[in-house]
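Residue-level structure breakdown
Spelled out, the chains give:
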Amino acid sequence: MNNKNSEEIVLNGISGSPGICIGRAYLVGKEGVDVVGKYYIPKSNLENEVMRFKNAVHNAKEELKNAMDSLSEDLQEHVYILETHMVLHEDKMLYDKTIEMIEASQVNAEWALKSTIRNIGEMFDNISDPYLKSRSADITQVGERIMRNLVGEEEVDFSDIDKRVILVANDLSPADTSRIQLEKIKGFVTNRGGKASHTSIIARSLEIPSVLGLESVTDTVKNDDIMIVDGTIGQIIIRPTKETIAEYKIRRQRYKEYKAYLVRSSNLPAKTLDGYEFHLMANIELAEEVVSVKDNGGDGIGLFRTEFLYMNMRAFPKEEVLFEQYKSIVELMAPRPVTIRTLDINGDKVLSYSKAPDEVNPALGLRAIRFCLKRKNIFKTQLRAILRAAMHGPVKLMFPMISGLGEMIEVTDFLNEVKAELREEGTPFNDKIEVGIMIEVPAAVIIADSLADYVDFFSIGTNDLIQYTLAIDRENRHVAHLYNPLHPAVLKMLKKVSDVGKRKNIQVCMCGEMANEPSNMPILIGLGIDELSMNPQAIPAMKNAIRLLDYKRASEFVDRILKEKTADRIQEMIDEEYGNILSQIIYKENFRRDT
Ligand code: PEP
Ligand code: MG
């Protein structure tokens with residue numbers, strides 16, 4: 001922390017999304033149940049306090065009723081869970097005990113509710129019966145819903161913001177981030193968040209500067225403080241001096257000019273000096289991003305993360321809703337291809353209306369294809385929508401998190417069943433849709449040869465592949481410094497997948513964040529990756545990088561680096577061999593202020 005200028009505070013975090021913004025801070029709290037305070041209620045106000053609790057229960061029940069009403073067909077079979085929750089709102093242990101505590105101890109409703117939930121939890125902790133244990137979890141969830149109604153909003157509410165601000169939060173979930181309105185928010189900074197978190201991926205898509213992993217920024221910044229966010233280097237300056245603001249206005253202008261320079265050439269083909277042409281595709285999470293894909297010269301969509309639509313709904317979407325959305329994206333992009341990835345839910349992307357399994361390690365849990373194979377109705381709805389949308393333009397279908405051949409066969413059989421059903425009904429669909437899988441689990445790399453027999457393409461998801469190979473939680477700021485795509489183990493895995501693709505004659509793409517970084521380009525080209533997919537905003541710089549490189553020289557270079565033993569040495573070699581060349585397109589003012 002730098003206090004040289006009496007007021008100015010410089011904090012370093014992780015670059016979430018590049019760009020510079022200057023503005024006023026707007027703190028959003030999401031502490032919920034954990035930070036409930038205790039205060040005394042005079043006797044004369046007890047009746048009101050009890051009424052406040054009863055109102056919160058009433059509102060919580062209304063919320064639940066709405067969720068039940070909008071439950072999709074797929075979920076109807078689970079309506080009983082919500083019905084049980086409905087009854088639990090007035091369960092004696094929860095409802096009566098909370099009121100008793102408000103009255104007997106003369107405390108606020110939040111505190112009474114929190115204590116009651118804790119007491120119930122402790123009571124059930126000593127019981128081994130699994131049914132009763134799950135009942136305890138239900139009561140806790142109901143209690144939390146009531147609590148949210150007592151303390152305020154469930155989610156970050158952007159609707160109160162009336163001027164363009166910089167959001168300062170402990171954490172923003174991917175769902176929060178995907179609801180950000182650009183006309184209100186210039187940038188954001190958070191205490192939590194790691195290098196390849198979905199929150200930062202969305203921030204990059206929205207092109208708003210952000211810095212994550214600042215640890216305690218919410219304690220340091222006050223509402224309305226002026227602050228500078230330099231997302232390019234992952235640094236923020238709180239209460240900057242006039243001189244600093246003037247300096248950053250110039251930097252902000254230069255960054256804009258740099259971006260404009262790159263975008264001007266974004267529609268030229270990405271051809272290496274020796275004539276190899278690459279297709280640069282875009283990753284999108286939301287339909288609105290299609291415009292940005294086109295503006296930035298994307299040759300198609302290499303990864304459509306479909307779960308974000310699900311996250312913005314109140315119940316699992318119906319087939320028609322999905323079909324219409326996919327169709328409109330496909331039509332907007334045609335004749336350029338769109339790769340639609342099936343639902344990659346759980347892990348860090350949880351749906352508010354679908355109870356996530358109680359897992360110690362969600363990243364290793366029932367996520368993505370594992371979830372879909374358990375909930376086949378939900379999976380079927382999505383597959384039908386994709387197969388039907390594929391009648392309206394070139395669509396590829398992609399499955400995430402495949403980790404074994406058995407799983408691959410089960411997915412293939414299920415896809416065939418869904419196709420057969422559509423055929424029998426006479427519903428038009430594309431029977432010849434290309435099918436691929438994400439390679440993002442080390443096991444899939446090792447058995448890539450057998451998996452290749454079932455698919456038309458591989459797409460390497462380096463975000464997860466690095467996470468699982470190096471055992472580094474991609475969301476965890478404490479180990480963010482170890483998250484390195486240049487780790488020799490990662491590079492050897494990439495080489496193996498690329499070699500299998502060549503041998504089996506299937507296309508190998510990459511859609512992880514590694515494909516966003518111009519300095520990685522010599523390696524990606526040299527490894528023989530056929531196609532790259534990235535944030536739309538990264539496309540112009542990556543196209544420019546390709547135009548500066550020579551394919552054969554990059555292949556020889558990769559042969560050399562694959563013999564090296566450390567990521568540091570590999571980075572040094574990239575700097576020595578390509579530093580000068582790439583400095584033509586890498587943002588120059590990439591330096592941090594003193595801290
Ligand atoms: C990946 O893991 O690299 C990937 C592209 O998928 P996601 O970031 O959505 O997990
Ligand atoms: Mg992934």
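Scope of this entry: the structure provided in the associated data block. (Residues numbered from 1 in each chain as written. Chains lettered and ligands numbered in written order. Predicted model: local features only at pLDDT ≥ 70, side-chain atom pairs only at ≥ 80, totals over all residues. Heavy atoms only, no water.)

**Let's talk about the overall build of the chain**
For clarity, the cut-off: Secondary structure elements follow DSSP: runs of H or I no shorter than four residues count as helices, runs of E no shorter than two count as strands, and numbering proceeds from the N terminus. Relative accessible area decides the class of each residue, using a 1.4 Å probe on protein chains only: under 20% of the type maximum gives buried, over 50% gives exposed, and in between gives partly exposed. In what follows, residue pairs with any heavy atoms lying within 4.5 Å of each other are defined as contacts. For the accessible areas, the method is Shrake-Rupley and the probe is 1.4 Å, while residue cover comes only from the protein chains on display.
Check the secondary structure of the chain and you find 23 helices and 17 strands. Residues classed as buried in the chain amount to 55% of the 595 residues present. Summarising the internal contacts of the chain: among those between residues at least 6 apart in sequence, 71% fall at separations of at least 24. Carbon and sulfur atoms make up 50% of the accessible area of the chain, which totals about 25,600 Å².

**A short note on the site of ligand 1**
Stated formally: Whether a residue is near a molecule or strand depends on its heavy atoms: if one lies within 4 Å, it is near. Contacts described as polar in this section are N or O atom pairs within 3.5 Å, which, within protein, must combine one atom able to donate a hydrogen with one able to accept it, while residues neighboring in sequence count only if both atoms come from side chains. Residues are sorted three ways: Asp, Glu, Lys and Arg are charged, Ala, Val, Leu, Ile, Met, Phe, Trp, Tyr, Cys and Pro are nonpolar, and all the rest, Gly among them, are polar.
Around ligand 1, a shell composed of 17 residues is seen, among which Arg305, Arg341, Gly461, Asn463 and Arg474 lie nearest. Here an oxygen atom of ligand 1 sits 2.7 Å away from a polar atom, N or O, in the side chain of Arg305. Alone, ligand 1 offers 280 Å² of accessible surface; in the complex the protein occludes 100% of this. Mapped onto the shell around ligand 1, the elements with two or more residues apiece are α7 (198-206), β11 (301-305) and α18 (462-470). Per element, the largest residue contribution to the shell around ligand 1 is three residues, and it comes from α18. Taken together, the residues of the shell around ligand 1 sort by class into four nonpolar, five polar and eight charged.

**Thoughts on empty space enclosed by the protein**
Regions of empty space are outlined by a rolling probe, equal in size to a water molecule, passed over the atoms. Our working definition: Of the two site types, the cavity is a set of points on a 1 Å grid over the protein atoms alone where a 1.4 Å probe fits but cannot get out, and the pocket is an open set with protein on both sides within 12 Å along at least five of seven lines, each lined by residues with an atom within 4 Å of a point. Grid points are joined across faces, edges and corners, and a volume is the space filled by probe spheres set on the points.
For the structure on display, the rule yields two cavities of 30 Å³ or more. Estimates place the volume of the largest cavity at around 80 Å³. In terms of lining residues, the largest cavity is bounded by 13 residues, among which Arg305, Arg341, Met438, Glu440 and Asn463 are the most central. Of all the secondary structure elements, the ones that give two or more residues to the lining of the largest cavity are β11 and α18.

**Description of the coordination of the magnesium ion (ligand 2)**
Just so we agree on the cut-off: Coordination here is defined by N, O and S atoms within 2.8 Å of the metal (3.2 Å for Na, K and Ca), and since water is not considered, a site can look incomplete.
Around the magnesium ion (ligand 2), the protein supplies Glu440 (OE) and Asp464 (OD) as donor atoms, at distances of 2.0 to 2.1 Å. Of the two residues, Glu440 sits in the loop between β14 (434-439) and α16 (442-446) while Asp464 sits in helix α18, which places them 24 residues apart along the sequence. Overall, the relative accessible area of 2% leaves Glu440 in the buried class. With relative accessibility at 3%, the residue Asp464 sits in the buried group.

**Let's talk about a negative patch on the surface**
To keep things clear, this is the line we draw: Without a salt bridge and with relative accessible area above 30%, a residue can belong to a patch; like charges are then joined within 9 Å and nonpolar side chains (Val, Leu, Ile, Met, Phe, Trp, Tyr) within 5 Å. By convention in these notes, a salt bridge is any Lys or Arg side-chain nitrogen within 4 Å of a carboxyl oxygen on Asp or Glu. Counting rule applied: Lys, Arg positive; Asp, Glu negative; His and chain ends not counted. By convention, charge coordinates are those of NZ in Lys, CZ in Arg, CG in Asp, or CD in Glu.
Together, Glu47, Asp96, Glu100 and Glu103 give the surface a local cluster of negative charge. For the negative patch, the element with the most residues is helix α3 (residues 92-105), which contributes three residues.

**Description of the packing of aromatic side chains**
Let me state the cut-off plainly: A pair of Phe, Tyr and Trp rings is counted when the ring centres sit within 6.5 Å of each other, with Trp represented by its six-membered ring. The angle between the planes then sorts it: under 30 degrees is stacked, over 60 is edge-to-face, the rest tilted. Definition used: whenever NZ (Lys) or CZ (Arg) falls within 6 Å of the ring centre and also within 35 degrees of the ring normal, the charge is taken to sit over that ring.
Tallied over the full model, the rule gives nine aromatic pairs. Plain terms: the ring middles of Tyr255 and Tyr258 are 5.8 Å apart, the flat faces sit at 40 degrees to each other, and that makes the pair tilted. Remark: Tyr258 and Tyr255 occur in helix α9 (residues 242-264); sequence separation between them is three residues, near one turn of the helix. No difference in accessibility class separates Tyr255 from Tyr258, as the two residues are buried. On the numbers, 6.2 Å between centres and 70 degrees between planes, the contact of Tyr310 with Phe316 is edge-to-face. Phe316 carries the same exposure label as Tyr310, and that label is buried. Linked through ring pairs, Tyr276, Phe278 and Tyr551 together constitute an aromatic cluster. Here Arg388 stacks its cationic end above the ring of Phe323, 4.0 Å away from the centre of that ring.

**Some words on the nonpolar core**
How we decide: What makes a nonpolar core is a set of buried Ala, Val, Leu, Ile, Met, Phe, Trp, Tyr and Cys residues whose side-chain atoms join them at distances within 4.5 Å. As annotated, the domain borders come from an automatic or database domain assignment.
Counting residues in each nonpolar core, the largest one holds 130 residues, and the members touching the most others are Phe399 and Phe458. Both of domain 1 (9-28 + 162-258) and domain 3 (276-536) provide at least three residues apiece to this core. Leave out the neighbours within four places in its chain, and Phe399 touches Thr342, Ile369, Phe379, Leu383, Val411, Val435, Gly436, Ile437 and Met438. Within the second largest apolar cluster, 24 residues are counted, among which are Ala60, Leu94, Phe124 and Ile146.

**Quick notes on a nonpolar patch on the surface**
A cluster of nonpolar side chains, contributed by Leu405, Ile409 and Tyr454, occupies part of the molecular surface with about 210 Å² of accessible area. Tracing the backbone through its elements, the reader meets Leu405 in helix α15 (residues 405-425). When its relative accessible area of 30% is taken as the criterion, Leu405 is described as partly exposed.

**Side note on the pattern of salt bridges**
Applying the stated criterion across every chain, the model contains 35 salt bridges. Linking Arg384 and Glu319 is a salt bridge whose minimum nitrogen-to-oxygen distance equals 2.7 Å. Taken as a pair, Arg384 in helix α14 (residues 376-389) and Glu319 in helix α12 (residues 319-333) lie far apart in primary sequence, 65 residues in all. Sharing partners across several salt bridges, the network here consists of Glu307, Arg341, Asp344, Lys349, Arg367, Asp464 and Arg474.

**Topic: the pairing of strand β13 (residues 395-399)**
What counts, and what does not: In short, DSSP must find at least two bridges between two strands for them to pair. The path from the first strand over the helix to the second decides the hand: if it runs clockwise while the strands point away from the viewer, the crossover is right-handed.
Counting buried positions along β13 gives five out of five residues, so the element sits mostly inside the fold. With burial as the criterion, each face of β13 is covered, one bearing Val395, Leu397 and Phe399 and the other bearing Lys396 and Met398. When strand β12 (residues 338-341) meets β13, the two strands line up parallel, connected through four bridges. Bridging across to β13, Val338 finds its partner in Val395. Note: β13 against β14, four bridges, orientation parallel. Of the residues in β14, the one forming a bridge with Lys396 is Glu434. In this fold, the crossover linking β13 to β14 by way of α15 has right-handed handedness.

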